[in-house]
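# Summary of the model geometry
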Amino acid sequence: MRSFPEYNHEKSRAWFDRALNVIPSGVYGHLGPSEGLFLPMEKWPLIASKAQGTYFWDMDGNRYIDLMCAYGPNVLGYGDPDVDRAALEQLAAANCTTAPSYRMVECAELLVDTVAMADWAFFMKNGTDATTFSVLCARAHTGKRKIFFLRGYYHGNDPWAMRADYPGILPEDVAHNVVVPWFDLDALQQAYDACNGDVAALIAQPYDHGNFADNRVASKEYWAAVRKFCDDHGMLLIIDDVRAGFRLDLAGSDHYYGFKADLICFCKALANGYNMSAVCGRDELKATASSLSFTGSYWMSAVPFAACIACIGKMKRLDTPALFRRMGEKLTSGLRDAGKRHGFDLVVSGEPALFYLRIANDDSLMLHQEWVAECVSRGLFITSHHNHFINAALTDADIALSIEIAEEAFSVVAGRHPELNLIV
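Residues numbered from 1 in each chain as written. Predicted model: local features only at pLDDT ≥ 70, side-chain atom pairs only at ≥ 80, totals over all residues. Heavy atoms only, no water.

Buried residues dominate strand E4 (residues 120–124), accounting for four of its five residues. Pairing geometry for E4 and strand E10 (residues 277–281), over five bridges, is antiparallel. By the bridge assignment for E10, Met124 is matched with Ser277. (Buried < 20%, exposed > 50% of the residue type's maximum accessible area, 1.4 Å probe, protein only. Helix = DSSP H or I, 4+ residues; strand = E, 2+ residues; numbered from the N terminus. Pairing = 2+ DSSP bridges.)

Take the sheet that holds strand E5 (residues 146–150) next. An order of E4-E10-E9-E8-E7-E5-E6 is seen for the seven strands of this open sheet, with the pairing classed as mixed. Lying at the two open borders of the sheet, with one neighbouring strand each, are E4 and strand E6 (177–180). Strand after strand, the sheet turns through a mean of 20 degrees between neighbouring axes, direction not considered. Relative to E10, strand E9 (residues 263–266) runs antiparallel, the two being bridged by four bridges. Residue pairing for E10: Ile264 is matched across the bridge by Cys280. In this fold helix H5 (residues 185–194) packs onto E5, E6 and strand E7 (199–204), with an angle of close to 155 degrees to the strand it touches most, E6. (Axes fitted to C-alpha atoms, helices over the stretch in contact; angles between N-to-C directions. Contact = heavy atoms within 4.5 Å.)

Moving on: a nonpolar patch on the surface. Residues Val22, Ile23 and Tyr28 make up a contiguous nonpolar surface patch of about 350 Å² in total accessible area. Structurally, Ile23 is set in the loop between helix H1 (10–22) and strand E1 (48–52). Residue classification places Ile23 among the partly exposed positions, given a relative accessible area of 33%. (Patch = residues over 30% accessible without salt bridge, like charges linked within 9 Å, V, L, I, M, F, W, Y side chains within 5 Å. Areas by Shrake-Rupley, 256 points an atom, 1.4 Å probe, with all protein chains shown as cover. Salt bridge = Lys/Arg side-chain N within 4 Å of Asp/Glu carboxyl O.)

Our focus in this paragraph is the packing of aromatic side chains. Here the structure, examined in full by the defined rule, presents 24 aromatic pairs. Ring geometry for Trp223 versus Phe259: centroids 4.8 Å apart, planes at 15 degrees, classification stacked. Remark: Phe259 occurs in the loop between helix H7 (253–256) and E9 and Trp223 occurs in helix H6 (residues 220–232); sequence separation between them is 36 residues. Pair check on accessibility: Trp223 and Phe259 agree, each one buried. (Phe/Tyr/Trp six-rings, centres within 6.5 Å; stacked < 30°, edge-to-face > 60°.)

Bringing the packing of H5 against H6 into the picture now. Where H5 contacts H6, the axes come no closer than 11 Å and their chain directions differ by 15 degrees. With respect to H6, the axis of H5 lies roughly parallel. Considering the relative orientation of H5 and H6, their crossing is right-handed. Contact residues: Leu185, Leu188, Gln189 and Tyr192 in H5; Ala225, Val226 and Phe229 in H6. Its residues assigned to classes, the contact of H5 with H6 comprises six nonpolar, one polar and no charged. (Parallel < 35°, antiparallel > 145°, perpendicular 65-115°, else oblique. Left-handed = near helix turned anticlockwise from the far one by under 90°. Nonpolar A, V, L, I, M, F, W, Y, C, P; charged D, E, K, R; others polar.)

Let us look at the layout of surface pockets. The computed volume of the largest pocket comes to approximately 1,400 Å³. Together, 43 residues line the largest pocket, and His30, Tyr154, Gly156, Asn157 and Arg243 are the ones closest to its centre. Along the lines of polarity and charge, the residues of the lining of the largest pocket split into 19 nonpolar, 18 polar and six charged. Its volume calculated, the second largest pocket comes out at about 400 Å³. Residues belonging to the lining of the second largest pocket are distributed by class as follows: 16 nonpolar, no polar and one charged. (1 Å grid on protein atoms, 1.4 Å probe; cavity = no way out; pocket = protein on both sides within 12 Å on 5 of 7 lines; lining within 4 Å. Points joined across faces, edges and corners; volume = space filled by probe spheres on them.)

What follows is about the packing of helix H3 (residues 102–114) against helix H9 (residues 302–318). At their nearest, the axes of H3 and H9 sit 8 Å apart, and the two run at 30 degrees to each other. On the basis of their axis angle, the class for H3 and H9 is roughly parallel. At the point where H3 passes H9, the crossing takes the left-handed sense. Of the residues in H9, those in contact with Arg103, Met104, Glu106, Cys107, Leu110, Leu111, Asp113 and Thr114 of H3 are Ala302, Phe305, Ala306, Cys308, Ile309, Ile312 and Lys316.

The structure is reproduced here in structure tokens:
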């Protein structure tokens, strides 16, 4: 008899069917089944009812250890009492007002004090807002048009950041995008020469944490060379720290890798789920940032600023980057060993705080997706082909339980594939 019987998702599926009637795709983006990542669909909950700490529950009352952390925003734990208390106290005073709250000033001061490269901060709501603002700032500051991207990039969903074959994207939307390989300085020079110098900026994540491929960690030497290249060629260096920000280093992932970005974009870990994002910049770009026409109806709401102040303060007290590294290494080591006991080669890549998993027994990645589905349907929420996240509420007991569920899932998949001669 299995220790972790499969969950039933009858009520959750009924809610998803209701969603299909009124919301395109029911649940859209990579959080929904239309992307093809949640297969087979009956293994996945799709709709949640509540969350606490490192767990969430679906509509059927099934509990999940959440190693996706809402795809990043859950950095301290769902319902963190310190962050929620600060947010509720601010809500009682004011949230979205005609004149912005003093909390905005306090929040900007805190970011300037915390992020090593920051001389100022500008606030918005989504990661896409932050990257779009940064690209506008780079073009306005340099008077140049083209933007360099590193292969496998994802910098949001505005047209400039997408690809020409996506629905609704016009060729002119991406006409000035130039994609170069990671870790190839010669390719950077060749691309620059081909553009005749008309390059405003390079935008990049702090290391290669793309989807559908093993993640590749950068080095300080690589980033020092890229920083020098940008300086030598009059380009700005934009770091998209939306996903990794504050998880590697509270002073910014550029600080972690030993260089200074010109602009750095934050979002997911800023406020433990309260909706805000930010760009921090160097002093020489402050006047350019002031010149941009870029704002939103709720960008100055005070509740997220109060939550951000509490969140950053608590991350400092906990030293979350060190905590995430230790917990991530313990978890991934246990998962890898559990795989070995059943004949699986589970490859772990990337930084431990944002680890990526891949079963290497099968080049198609379908065996990996099958194992992921068996984990999810037993209470361990991971996902296929995307990095995972550690949050501060995760305990050693949660890690032990995660490994137990993963091991049972390995056994189930091994038993289903006798042709692979795995160990049940």
